[in-house]
There are 2 protein chains.
Amino acid sequence: METFFSPRGIAVIGASRDPSRLGSLVLQNLLAAGYSGPIWPVNPSAEEIMGRPAAASLSEVPEPVEMVVLALRAEALPDFLTDLEKRMAIRGDVRALVAIGAGFLEDGTPEGAERQERLKATCRRLGIRLLGPNCIGVINTRTGVDTTFLSDPHRHKGGVSLATQSGALVAWLYGLWAGEPAAPGLAKVVSTGNAADVDLAEAVEYLAQDPETTCAGIYVEGTTQARRLLQSISEAAAQKPVVVLKGGRSAAGEAAAFSHTGSMAGAGALWEGALKQAGALQATTTEEFSVMLAAGERLWPYLAGISGPALRLALLTNAGGPGVLASDALFGHVRGQKPVLVPAVFDSLTREMLTASLPRGAACGRPDGYVDTTAAAGPREQAAALSIALRDPNVDAAYMIALPTPASPADAVADAILGALAEIPPEAARKPVMIIMAAGQHQAAGRQILTEAGRPVFASVNEAARALRALAEYRQWRAAQGWSRPWREVSA
Amino acid sequence: METFFSPRGIAVIGASRDPSRLGSLVLQNLLAAGYSGPIWPVNPSAEEIMGRPAAASLSEVPEPVEMVVLALRAEALPDFLTDLEKRMAIRGDVRALVAIGAGFLEDGTPEGAERQERLKATCRRLGIRLLGPNCIGVINTRTGVDTTFLSDPHRHKGGVSLATQSGALVAWLYGLWAGEPAAPGLAKVVSTGNAADVDLAEAVEYLAQDPETTCAGIYVEGTTQARRLLQSISEAAAQKPVVVLKGGRSAAGEAAAFSHTGSMAGAGALWEGALKQAGALQATTTEEFSVMLAAGERLWPYLAGISGPALRLALLTNAGGPGVLASDALFGHVRGQKPVLVPAVFDSLTREMLTASLPRGAACGRPDGYVDTTAAAGPREQAAALSIALRDPNVDAAYMIALPTPASPADAVADAILGALAEIPPEAARKPVMIIMAAGQHQAAGRQILTEAGRPVFASVNEAARALRALAEYRQWRAAQGWSRPWREVSA
């Protein structure tokens, strides 16, 4: 697997001077991502493509090629395989193959199935690992590997890695993240497509042990090896937050998934229970997936070390309605479920200090853990409320809505929050704080300032609240691992 | 009520040369919104504010004043009320008062309660309707009335009106809508605040009969007059889609709501059932509220005329994973519930035409109603799939995901869709089509083109799917009104 992420030398079969061809798009992304090893476009009828010398065939590439990206029409497969065998006979250096194009098992014809079988058999015989076919391949933001053909890629480096059965999902996330300063940072991406060789479980196993991945995101529709996948998720979850978006939860979605990747999606409720047992954070929409990934990357490091049965939360807001909606989302748990998140009960000193610092009419611990500073509170008063709450020993964490107002522009509030956190004792400043600044371009400056300071900030009340609850549940799952047998043994 | 939206003459009490004062922000928004009647800043120590001559007191304003916006500190109330009585004695022209500032019942002190009582009593005695106190007032985009102090207002005119118990919610929506070409257009806003006189039910009654409001959005936390509110919602829903976002559904949220507006929120499940009976579309997050409003404004006109028990839907996508997620969201209904939305069953001609028009490997009615064009489909092929599906007599409506790819940029896809719709028979082109183009700035051009052509386009798979299901339920509620007694009589 490692070769896919850090190959010595890459050849792109099917790159051409026509910039709209799949292979050209791959070459363009590879060049833009900053990969520093040799990159060779392979094309029988061009001497140079995008400023790079081209080789007429793979076997003629004069430099090492550890990874081949295959972006040819499926019909051209036999000639390529012959040339691949030739290269392996001469130099024997190829260790990984990413097959981008379609026209294999997923097209539903006997020819497609036969082609996939032949590709897989050749790779196996030659000792080459195969990703795909019918996938977007791999990304490693650290080494500048990017075999995708997606436009407007997200180049912000970070700790989030994705293993996905849908390449389009990555494009969708790019759209959500474009221009958003609080978007997650990306480490690695693996798209498994038809999974002729490398499957989702192996991709997850890799991400579990990858030190650059601090939070893993998985899009799964289905698999014939559900137990192995769940084991790999459970093992990864023992190391870092794992967020799972499951497609094909309904009968209709399952049938659609079958037409997509030919995999059986399986009953939604069964998956839900199994994923919960495996310690995964479960998202139901792409937006929630994205917010949970950001929370896993940025908030979890603050949350991980906190002990105690349920997380005692202070909920601060300068906006009444959004505060009420947040309260519903954070504490409106399913009846009978053991709460993982509870309103903090402030001590009397905290309530007195809040009352003294905030405008008249502010709610200071009415109800428990709730602070409505009112819209009259300026940046300094909002920040003061946060630091007072964090200094209360009965508070484990805070969720804070800062709706920018004319008197409290987003950047001023962000600066005031950072200033306040710098002035309180380190053990209080280290408590997890989830800051919510309303969506929209006008508030982006505030989200940028907080993100650059390493403080998790979000643009949605509800999805952030769900992410916080999911992380609080994950925290309990991790704690439970300490005194119960690991999931693997239980299910074996 | 009408005076609040179309007053002859407005005075702003508390406007000053300090641009950060509430009254100054109100004046600024009023001027920017383009209100064409007389606007008078009232301030004892300024002769001119923002280029407008100022009056020293309300009683001295030399032009008609039908509406007064009160943006003073609460302590200054007695002097204002004396001056208001004087004006009414001299000219008797004031008919509406918007009380913006806080410091009344919501601040929890006996003084606050007493102030509110006095304001209310004076207005009642003088025959003046009172909005607030502790609210952001009213907006009418047609007459240029905007008494709010919100920054970066949404100036796109349209058919969506809001009646809200939280002014902050409007600011939140402004954030969601900023720079988004597919954002709903705004008609009117009423923020009821402490509701000393005009309450939410009256605001909804007004919007029900307002011809410029084609879709109403309501944010409610609670009320002492739940039956009246539900009746007003039901009456409005008989005219136009009514989207309700309910804050305080959980015990914790209810307690927070009490601290916000002093109102009892009440058990979530009871509200849910009652709102369903009243024909409301129910949103659970601000994002969903926003998408449902846009769908109510733009998609409902296409949907309203369609007969038949359940809506037969074609689901088209060029992206596998998002298509599967959409299928879950659209058809994964609660077991046992009568479906309002079902996958269309294409006739054989449709399936043949799709197969002939789309790239190899495309799913053409496998499963029912599902078309995955694959990412290889260009703009023309995606648009062709849509027009083939719409021409099938077994299809009532379509939901189409168009994920932009390098070969299918968003603007080209939007143009191709509009071209295709122009070429098919009018009865096919009139069918409702919900188009989903991934979020993000890069796709905004596509959303802009479709919005300008009056075609509903959305940026989120899941929220749009939920909005479509909610509208399909609403359609059945409307149909059921035909053979059952109106809700009002049933509950009276």
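Computed from a prediction, not measured in an experiment: that's the story for all the values here. (Residues numbered from 1 in each chain as written. Chains lettered and ligands numbered in written order. Predicted model: local features only at pLDDT ≥ 70, side-chain atom pairs only at ≥ 80, totals over all residues. Heavy atoms only, no water.)

S.K.: Pulling in residues and values, what's your account of the nonpolar core?
M.R.: In this structure, Tyr-399 of chain A together with Tyr-399 of chain B are the most contacted members of the largest nonpolar core, which totals 234 residues. The contact partners of Tyr-399 of chain A, leaving out residues within four places of it in the chain, are Leu-313, Ala-314, Leu-315, Leu-316, Ala-326, Leu-330, Met-434, Ile-436, Val-461, Ala-464, Ala-465 and Leu-468 of chain A. (Core = buried A, V, L, I, M, F, W, Y, C linked by side-chain atoms within 4.5 Å. Buried < 20%, exposed > 50% of the residue type's maximum accessible area, 1.4 Å probe, protein only. Contact = heavy atoms within 4.5 Å.)

S.K.: Give a description of the pairing of strand E15 (residues 311–317) of chain A that names residues and reports values.
M.R.: Residues and elements named next belong to chain A. In terms of burial, E15 is largely enclosed, as six of its seven residues are buried. With three bridges joining them, E15 and strand E16 (residues 341–343) adopt parallel strand pairing. When the bridges of E16 are listed, Leu-313 appears paired with Pro-343. Examined bridge by bridge, E15 and strand E19 (residues 397–401) share five bridges and lie parallel to one another. Bridging across to E19, Leu-316 finds its partner in Met-400. Where E15 meets strand E18 (residues 370–372), three bridges bridge the pair, whose relative direction is parallel. Looking at E18, one finds that Leu-316 is bridged to Val-371. (Helix = DSSP H or I, 4+ residues; strand = E, 2+ residues; numbered from the N terminus. Pairing = 2+ DSSP bridges.)

S.K.: Before we move on, could you go through the relation of the copies chain A and chain B and cite the residues and values that matter?
M.R.: Of the transformation placing chain A onto chain B, the axial shift is 0.0 Å and the rotation is 180 degrees, giving an RMSD of 0.0 Å. Interpreted geometrically, this transformation is the action of a two-fold axis. A symmetric contact is evident, with 100% of the interface residues of chain A recurring at the interface of chain B. (Least-squares fit on C-alpha atoms with pLDDT ≥ 70 in both.)

S.K.: So what's going on with the interface of chain A and chain B? Residues and values would help.
M.R.: Between chain A and chain B, the residue contacts involve 70 residues of the former and 70 residues of the latter. Both sides together, the interface formed by chain A and chain B hides about 5100 Å², and carbon and sulfur atoms give 64% of it. Of all residues in chain A, Trp-172, Leu-325 and Arg-360 of chain A give up the largest surface area on contact with chain B, accounting jointly for 14% of the area buried on that side. Along the contact surface separating chain A from chain B lie six salt bridges. A salt bridge links Asp-107 of chain A to Arg-360 of chain B, with the nearest nitrogen and oxygen atoms 3.4 Å apart. Our enumeration of links across chain A and chain B arrives at 20 residue pairs in polar contact (both at pLDDT 80 or more). Residue assignment for the side of chain A that touches chain B shows that the elements contributing at least two residues are helix H5 (167–177), strand E13 (242–246), helix H8 (251–261), helix H12 (320–331), E18 and helix H18 (461–483) of chain A. Among the elements that line the side of chain A that touches chain B, the one with the most residues is H12 of chain A, at eight residues. (Buried area = accessible area lost by both parts, 1.4 Å probe. Salt bridge = Lys/Arg side-chain N within 4 Å of Asp/Glu carboxyl O. Polar contact = N/O pair within 3.5 Å; in protein donor to acceptor, adjacent residues only side chain to side chain.)

S.K.: Tell me about the packing of aromatic side chains, and please be specific about residues and values.
M.R.: Residues and elements named next belong to chain A. Considering all chains together, one arrives at six aromatic pairs over all chains under this definition. A centroid spacing of 4.6 Å and a plane angle of 15 degrees characterise the contact between Phe-5 and Tyr-206, whose relative ring orientation is stacked. Residue Phe-5 is located in helix H1 (residues 2–5), and its partner Tyr-206 is located in helix H6 (residues 200–209); the two are separated by 201 residues in the primary sequence. Taking relative accessible area as the criterion, Phe-5 reaches 0% and is therefore assigned buried. Judged by its relative accessible area of 7%, Tyr-206 is buried. Taking the ring centre of Phe-5 as reference, the NZ or CZ of Lys-188 above it sits at 5.8 Å. (Phe/Tyr/Trp six-rings, centres within 6.5 Å; stacked < 30°, edge-to-face > 60°. Lys NZ or Arg CZ within 6 Å of the ring centre and 35° of its normal.)

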